[in-house]
Amino acid sequence: MPTGAIVRTQFDTAADLAGLDASQRRLLQGPFRSVSVEVPVRMDDGRIEVYRGYRIQHSGARGPCKGGIRFHPEADEAEVLGLATTMTWKTALADVPFGGAKGGVQVDPRTLSQRELEGVTRSFTGRISLMLGPYRDVPAPDMGTNPQVMAWLLDEYSKRNGYSPAVVTGKPVALGGSLGREEATAQGVVYVMEAYAADEGLAIEGSRVVIQGFGNVGAHTGRLLHERGARVIAVTDVDGGLHNDQGLDIPRLFAHAYQQRKPVAEFVGGDAITNEALWRVPCDWLIPAALGGVISKDRNVNDIECGVVVEAANAPTTPIADKVLESRGVTVLPDFLVNAGGVIVSYFEWAQNLQQHPWTFERVNEELHRKITAAYRMVRDLRRERKAQWRTAAYAIALQRVAEAERLRGH
Ligand code: GLU
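Residues numbered from 1 in each chain as written. Predicted model: local features only at pLDDT ≥ 70, side-chain atom pairs only at ≥ 80, totals over all residues. Heavy atoms only, no water.

Chemist: Help me out: how do you make sense of the sheet that holds strand β2 (residues 48-59) in this one?
Modeler: As a general point, the strands of a sheet are linked pairwise by backbone hydrogen bonds and lie either parallel or antiparallel. Taken together, five strands build an open sheet; the order of strands is β1-β2-β4-β3-β5 and the sheet is mixed. Of all strands in the sheet, those with a lone pairing partner are β1 (33-42) and β5 (137-141), marking the two edges. The average angle at which neighbouring strand axes cross in this sheet is 20°, direction not considered. Examined bridge by bridge, β2 and strand β4 (residues 100-105) share six bridges and lie antiparallel to one another. Counterpart to Ile56 in the pairing with β4 is Lys102. Each of β1, β2, β3 (65-71) and β4 is contacted by helix α3 (residues 77-94), which is oriented at about 35° to β2, the strand it contacts most. (Pairing = 2+ DSSP bridges. Helix = DSSP H or I, 4+ residues; strand = E, 2+ residues; numbered from the N terminus. Axes fitted to C-alpha atoms, helices over the stretch in contact; angles between N-to-C directions. Contact = heavy atoms within 4.5 Å.)

This is the structure we're talking about:
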């Protein structure tokens, strides 16, 4: 099931529970502004390739629109809208003063040279720069993009508008990026897991962790959990992966797969497993950290044997799989709570840029901890009070905040 459809179904369920009327639903569901652009790029062989790109601003009710830019072949309009919508609930739940947006270019960045990647970024930025601005819409990295891509975006925007570091977050630190932003999403995942573990009398130390995806979020989450004494027993990337019940050597795997960008399966130190077999590995924490829609009824939900699904990716669980997990007593900690650390530190980066006053790494992590734990506790308390799912409680808080902002603004 595609991400857009998952997010739409989740919204309908939550809107029913929150008792939103028809016009509130229309206002909160549809995008505020949706733009589709041609992205022409001169390739290394001299020909012009034309990609399709989108920037969708789902809501600006609570502040400038905020959300990453994804370079991925599946980043079509429906997917980008679903992800933009999730950003609205994520920023509202985290209580950072932003709305939600997302961008996407339908391209596989692995097929591009560095020069072509720069070309795609500059061309796309040029086409959407009218929509952007520190108080309008502030992009950030997402799947397939990174701090270097944000640096080119900053340069391209600044050529037109003067030097504007607050127009984009997730920049290299040398250009006004924040310390701690690179690992912020993973750090937030770990803080939520720690808060949940403390409430439930569980331990991170010695627990078994399985991670699907070893990009920015998966790799840093693995590293941070390993540092806290967890056993990361299975990891995959797009090409398969490894399993070792004693725990993988995460610092070396991090260097191999994340820093040197080599396939996880080529690392020595475990048994090879396929992407399908990963879901069958019994564990305490199962952490999808890649694409949406990967846990589904047809594919794998009945094979999953874990205590908690920690949704580090956006929309990894289809609504039916979600119900199956609930009926089996598996807790699903929802994406827009679990992975909010990225946008929370993006907010800190934006604030540092506007004030021209950089923070220390310790301050970033302290404030991230405070903010994401506060969101976690609100969801936990509402969930207990209403006897609802984690996701439903999180939605109730986010929808109510956005609806209130819309109402006060006269909509
Ligand atoms: N792409 C990240 C997300 O999905 C970060 C967005 C941001 O920092 O604006 O949450």
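Chemist: What am I meant to see in empty space enclosed by the protein here?
Modeler: Rolled over the atoms, a probe sized like a water molecule indicates the empty space that remains. In this structure the tally under the stated criterion is one cavity of 30 Å³ or more. Considered as a void within the structure, the largest cavity measures approximately 30 Å³ in volume. Contributing to the lining of the largest cavity are Ile69, Phe71, Thr121, Phe124, Thr125, Val149, Met150 and Leu153. Residue assignment for the lining of the largest cavity shows that the elements contributing at least two residues are β3, α4 (114-128) and α5 (147-161). (1 Å grid on protein atoms, 1.4 Å probe; cavity = no way out; pocket = protein on both sides within 12 Å on 5 of 7 lines; lining within 4 Å. Points joined across faces, edges and corners; volume = space filled by probe spheres on them.)

Chemist: I tried to follow the side chain of Ser158 on my own but got confused; where do I start?
Modeler: In this structure, Ser158 sits in helix α5. Of the residues examined, Ser158 reaches a relative accessible area of 12% and is grouped as buried. Polar side-chain contacts of Ser158 include one of 3.2 Å to the backbone nitrogen of Ser164. Excluding its chain neighbours within four sequence positions, the residues that come into contact with Ser158 are Tyr163 and Ser164. (Buried < 20%, exposed > 50% of the residue type's maximum accessible area, 1.4 Å probe, protein only. Polar contact = N/O pair within 3.5 Å; in protein donor to acceptor, adjacent residues only side chain to side chain.)

Chemist: Just to check I follow, could you spell out the layout of surface pockets for this structure?
Modeler: Of the pockets and cavities examined, the second largest pocket occupies roughly 370 Å³. If one sorts the elements of the lining of the second largest pocket by residue count, β2 sits on top with three residues. Counted by class, the lining of the second largest pocket contains ten nonpolar, seven polar and four charged residues. (Nonpolar A, V, L, I, M, F, W, Y, C, P; charged D, E, K, R; others polar.)

Chemist: Sorry if this is basic, but what is going on with the environment of Glu406 here?
Modeler: With respect to the helices and strands, the residue Glu406 is situated in helix α14 (residues 390-408). Along the backbone, Glu406 and Pro134 are 272 residues apart, and their C-alpha atoms lie at a distance of 21 Å. Excluding residues that lie within four positions of it along the chain, Glu406 makes contacts with Leu27, Leu28, Ser59, Ala61 and His411. Of the polar contacts made by the side chain of Glu406, one reaches the side chain of His411; its length is 2.8 Å.

Chemist: Just checking my understanding: could you explain a nonpolar patch on the surface for this structure?
Modeler: Taken together, the side chains of Val173, Leu179 and Phe361 present a nonpolar region at the surface, about 230 Å² in accessible area. Along the chain, Phe361 turns up in helix α13 (residues 361-386). For Phe361, a relative accessible area of 33% corresponds to the partly exposed category. (Patch = residues over 30% accessible without salt bridge, like charges linked within 9 Å, V, L, I, M, F, W, Y side chains within 5 Å. Areas by Shrake-Rupley, 256 points an atom, 1.4 Å probe, with all protein chains shown as cover. Salt bridge = Lys/Arg side-chain N within 4 Å of Asp/Glu carboxyl O.)

Chemist: Where do I start with the pairing of strand β6 (residues 208-212) in this structure?
Modeler: Within a regular strand, the side chains alternate between the two sheet faces. Buried residues dominate β6, accounting for four of its five residues. Bridge analysis of β6 against strand β7 (residues 231-237) gives five bridges, and the strand direction is parallel. Within β7, the residue paired with Val209 across the bridge is Val232. The parallel pair β6 and β7 is bridged by helix α7 (residues 216-227), and the resulting crossover is right-handed. One ladder, built from four bridges, connects β6 with strand β10 (residues 283-288); its direction is parallel. Each bridged residue has a counterpart across the sheet, and for Val209 the counterpart in β10 is Trp285. (Right-handed = clockwise from strand over helix to strand, strands pointing away.)

Chemist: Explain the site of the ligand to me, please; I cannot follow it from the model alone.
Modeler: Around the ligand, the surrounding shell holds 14 residues, and the nearest of these are Lys66, Lys90, Pro141, Asp142 and Ser346. Note that an oxygen atom of the ligand is positioned 2.7 Å from one of the side-chain N or O atoms of Lys90. In the complex, 95% of the free accessible area of the ligand, which totals 290 Å², lies under the protein chains. In the shell around the ligand, the residues fall into four nonpolar, five polar and five charged. (Near = heavy atom within 4 Å.)

Chemist: What exactly am I supposed to notice about the sheet that holds strand β11 (residues 306-310) here?
Modeler: An order of β9-β8-β7-β6-β10-β11-β12 is seen for the seven strands of this open sheet, with the pairing classed as mixed. Edge positions in the open sheet fall to β9 (271-273) and β12 (331-333), since each of these has one partner strand only. Each adjacent strand pair in this sheet contributes to an overall mean axis angle of 20°, direction not counted. Helix-sheet contacts for helix α6 (residues 184-200) involve β10, β11 and β12, and the interaxial angle to β10 is about 150°.

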